[in-house]
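Structural overview
These are the residues of each chain, in order.
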Amino acid sequence: MKRALLAGLGLATGLAVTTASADEIKVGMLLPYSGVYAALGSEIETGFNIAMETFGGDTDATFTVVSEDTEVKPPVALGKAKKLILQDKVDVMVGIVSSGVLGAVRDMVDGAGVPLVVANAGNDEATGAACSPYITRMSFSNQQVNRPMGGWMKEQGINKVFTLAPDYAAGRQMIDAFTASFTAAGGEVVGQEFTPFQKTQDFGPYLAQAKASGADAVYVFYAGGEAISFVKQYDSFGLKADMPLYGSGFLTSPLYVNAEGPAAEGVITALHYVPTIDSPENAAFVAAFKAKTDRMPSEFAVQGYDAARALIEATKAGATDRASLANALRQVSFDGPRGATSIDPATNNIVQPIYVYQTVAGEGGLTQKVLATLPAERDPANGCDMAPVAN
Ligand code: PHB
């Protein structure tokens, strides 16, 4: 009988799962439910649940979820990961939004031999020099979403850029990837600042620096609560008309672009998913998401959806325990909302096209107008040398 129950959602529910049969999979969900990325965490979980409801019947496995809040704090997240692995004895972990948190839990996950499906954090190291056969990324890497923008912006006639991002791993990696490709294309980064992560309320001093820099445009990475404040302040500072705003697409995510309002109009960014992708798989996902939430899904929703889908596919392939799940997860492939979805076996990172889009006014609020589709490019292995897990 096909059965797949998603049981036990809720924070730290520590469900009493007793004598588990081989096809009962215990999932540790490690997400931020508080802090600047709280909305991202619940969006990933919503996507995850929709995929479980949609595809769960395709596998004989059943899934029980224990959720923990990382608070976007690496030491807190490491403690929660230990609890999930050692106390709850989860078979697999899903989640992680912040690159800082991924860096903090990497050795624990690898050392304990627990597979982790990364549903957001783009930390390049986790699929580069610090890669692990236990870590499979269903989201994006920081370099993947920023690298294509350097050449594309230079082609649009932008020669001088000022960059801004929060001062932590993701901010630095995203800006480094953009800077490398923009300068390789002949552009010049005339100034760069990193703002204290989760602490900056007033971007005014940084915007004054950008204004004085003589740049043609500003390129940034901000996400969640910081993206909303930044986009609004950029507009109210009066910079938008003279210095157009660009960035990685989390800046104007469909998840919170309507909270940014008219300040976001005209901003050009790039991302691995836009809800306007025209395919039957995306149409089905959008319909299921809208039925549940009454709004369009974001990149975070699709990452949760595809993470659950990967788990389901891995169990369909016969995986039941930590080692077999780790091996199966890195081999999954399916047609999803993003198109043909598969993992690069050299790094365990997803390979996908990148969409350059402009935020424009639409009928039901702000929407994403795709300006260019840039072909999928594998990240360089960057020191990743993976030995397979012994089953
Ligand atoms: C990250 O820390 O890797 C990160 C966080 C939020 C995003 C994207 C990347 O929207």
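Residues numbered from 1 in each chain as written. Predicted model: local features only at pLDDT ≥ 70, side-chain atom pairs only at ≥ 80, totals over all residues. Heavy atoms only, no water.

Some remarks on the environment of Phe-63
In this fold, Phe-63 is placed in strand β3 (residues 62–69). For the pair Phe-63 and Val-114, spaced 51 residues apart in the sequence, the C-alpha separation amounts to 16 Å. (Helix = DSSP H or I, 4+ residues; strand = E, 2+ residues; numbered from the N terminus.)

Looking at the pattern of salt bridges
With the rule as written, the count across this model stands at 14 salt bridges. Linking Arg-106 and Asp-110 is a salt bridge whose minimum nitrogen-to-oxygen distance equals 3.6 Å. Of this pair, Arg-106 and Asp-110 both sit in helix α3 (residues 99–112), four residues apart, which is roughly one turn of that helix. You can call Arg-106 buried: its relative accessible area is 16%. Between Asp-167 and Arg-172 there is a salt bridge, with its nearest N and O atoms 2.9 Å apart. We classify Asp-167 as partly exposed; its relative accessible area is 37%. For Arg-172, a relative accessible area of 38% translates into the label partly exposed. Among the charged side chains, a salt-bridge network with shared partners connects Glu-68, Lys-80, Lys-83 and Asp-88. (Salt bridge = Lys/Arg side-chain N within 4 Å of Asp/Glu carboxyl O. Buried < 20%, exposed > 50% of the residue type's maximum accessible area, 1.4 Å probe, protein only.)

Some remarks on the state of the cysteines
In total, this model carries one disulfide according to the counting rule given. At a sulfur-sulfur separation of 2.2 Å, the disulfide partner of Cys-131 is Cys-384. In this structure the cystine formed by Cys-131 and Cys-384 twists about its S-S bond by roughly 85°; its chirality is therefore right-handed. With Cys-131 in the loop between β5 (116–118) and β6 (135–137) and Cys-384 in the segment after β16 (365–374), this residue pair connects regions lying 253 residues apart in the sequence. On the basis of relative accessibility, which here comes to 11%, the residue Cys-384 falls in the buried class. (Disulfide = S-S within 2.5 Å.)

Quick notes on the side chain of Ser-67
Tracing the chain through its elements places Ser-67 in strand β3. By relative accessible area, Ser-67 is classed as buried at 0%. Only 3.4 Å separates the side chain of Ser-67 from the side chain of Glu-45, close enough to count as a polar contact. (Polar contact = N/O pair within 3.5 Å; in protein donor to acceptor, adjacent residues only side chain to side chain.)

Digging into the packing of aromatic side chains
For any pair of aromatic rings, the description rests on two quantities: the centre-to-centre distance and the angle between the ring planes. Under the criterion given, the structure shown has 15 aromatic pairs. Judged by centre distance (4.8 Å) and plane angle (45°), the ring pair of Phe-140 and Phe-250 falls under tilted. Of this pair, Phe-140 sits in the loop between β6 and α4 (142–155) while Phe-250 sits in the loop between β10 (245–248) and α8 (257–260); the two residues are 110 residues apart in sequence, bridging distant segments of the chain. With respect to burial, Phe-140 and Phe-250 carry one shared label: buried. Look at Phe-203 and Phe-230: their rings are 5.2 Å apart centre to centre, the planes differ by 85°, and that puts the pair in the edge-to-face class. You can see Phe-203 sitting in the loop between β8 (188–195) and α6 (204–212) and its partner Phe-230 sitting in helix α7 (residues 224–236), a full 27 residues away along the chain. (Phe/Tyr/Trp six-rings, centres within 6.5 Å; stacked < 30°, edge-to-face > 60°.)

Things to note about the site of the ligand
For the ligand, the set of nearby residues contains 17 residues, the closest of which are Ser-99, Gly-122, Tyr-168, Ala-223 and Phe-250. In this structure, Val-97 approaches the ligand through a main-chain N or O atom, which is 3.5 Å from an oxygen atom. At 2.5 Å, a side-chain N or O of Tyr-168 approaches an oxygen atom of the ligand. Coverage of the ligand by the protein chains reaches 100% of its 280 Å² of free accessible surface. Each residue belonging to the shell around the ligand can be placed in one class, and the counts come to 12 nonpolar, five polar and no charged. (Near = heavy atom within 4 Å. Areas by Shrake-Rupley, 256 points an atom, 1.4 Å probe, with all protein chains shown as cover. Nonpolar A, V, L, I, M, F, W, Y, C, P; charged D, E, K, R; others polar.)

A closer look at the UniProt feature "domain: Leucine-binding protein" (unreviewed entry) in the chain
On the UniProt side, "domain: Leucine-binding protein" (unreviewed entry) is annotated at positions that read residues 24–360 here. Overall, residues 24–360 shows 42% helix and 22% strand. The separation of its end C-alpha atoms is 46 Å. (UniProt positions renumbered as here; feature names shortened; annotations may be inferred.)

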